[in-house]
Amino acid sequence: MKIDEILEYLPHRYPFLLVDRVTEVEKGKSIKGYKNISFNEPFFTGHFPDNPIMPGVLIIEAMAQLSGILGFVTVERKPSDGVIQYLAGSSKVRFKRPVLPGDRLDMESEFVSGKRGIWKFECRALVDGEVACVAEILTAEREV
């Protein structure tokens with residue numbers, strides 16, 4: 001899934017679109033994708049000027065966006081159908097290594113369960129095969 005198709009599934013736009021490519025998706029099961037981390041990202045000017053690292057909350061957001069795409073693909077709906085996937089929660093979050101300018105943040109999300117529009121996913125973010133973050137992500141599908 002290239003950026004034009006990603007834009008059909010996510011309402012986010014620059015500078016808050018945090019998925020550059022979807023490399024694999026299996027409806028109702030799992031999804032893989034990545035975000036290229038450029039030194040030009042707006043958050044690096046303040047986090048931290050002399051030691052730039054990607055904020056952890058944005059890593060969680062990136063994994064939630066990828067999970068949201070899986071949710072949409074699974075139910076065969078898109079934001080253009082009048083629904084949106086909100087980040088509803090995160091738990092079991094652990095950061096294992098910093099994400100730096102020049103890194104490619106590879107992300108994986110596996111569907112765990114879903115009930116009444118609330119979806120649970122097990123997520124991982126990796127850099128060069130090394131785990132940077134793990135989290136359990138909840139999204140909520142709602143009409144807009």
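Everything below is about the structure printed above this text.
Residues numbered from 1 in each chain as written. Predicted model: local features only at pLDDT ≥ 70, side-chain atom pairs only at ≥ 80, totals over all residues. Heavy atoms only, no water.

Chemist: So what's going on with the side chain of Thr74? Residues and values would help.
Modeler: One can find Thr74 in helix 2 (residues 56–75). In terms of polar contacts, Thr74 uses its side chain to reach the backbone amide nitrogen of Gly28, at 2.9 Å. Once residues lying within four places of it in the same chain are set aside, the contact partners of Thr74 are Lys27, Gly28 and Trp119. (Helix = DSSP H or I, 4+ residues; strand = E, 2+ residues; numbered from the N terminus. Polar contact = N/O pair within 3.5 Å; in protein donor to acceptor, adjacent residues only side chain to side chain. Contact = heavy atoms within 4.5 Å.)

Chemist: Mind laying out the pattern of salt bridges, listing which residues take part and the relevant values?
Modeler: Across all of its chains, the model carries nine salt bridges by this definition. A salt bridge links Glu41 to Lys35; its shortest N-O distance comes to 3.0 Å. Each of the two residues, Glu41 as well as Lys35, counts as buried. When the shortest N-O distance is used, the salt bridge between Lys92 and Glu136 registers 3.6 Å. Of this pair, Lys92 sits in strand 3 (residues 83–95) while Glu136 sits in strand 6 (residues 130–143), and the two are 44 residues apart along the sequence. Put simply, Arg97, Asp103 and Glu130 are held in one network by salt bridges that share partners. (Salt bridge = Lys/Arg side-chain N within 4 Å of Asp/Glu carboxyl O. Buried < 20%, exposed > 50% of the residue type's maximum accessible area, 1.4 Å probe, protein only.)

Chemist: Which residues make up the nonpolar core, and what are the values?
Modeler: The biggest cluster of nonpolar side chains holds 38 residues, and the ones touching the most others in it are Met63, Ile69 and Leu105. Those elements giving two or more residues to this core turn out to be helix 1 (3–9), helix 2, strand 3, strand 4 (104–115), strand 5 (118–127) and strand 6. Excluding anything up to four places from it in sequence, Met63 contacts Met107, Cys123, Arg124, Ala125, Cys133 and Ala135. (Core = buried A, V, L, I, M, F, W, Y, C linked by side-chain atoms within 4.5 Å.)

None of the figures reported here should be taken as evidence of function without further support.
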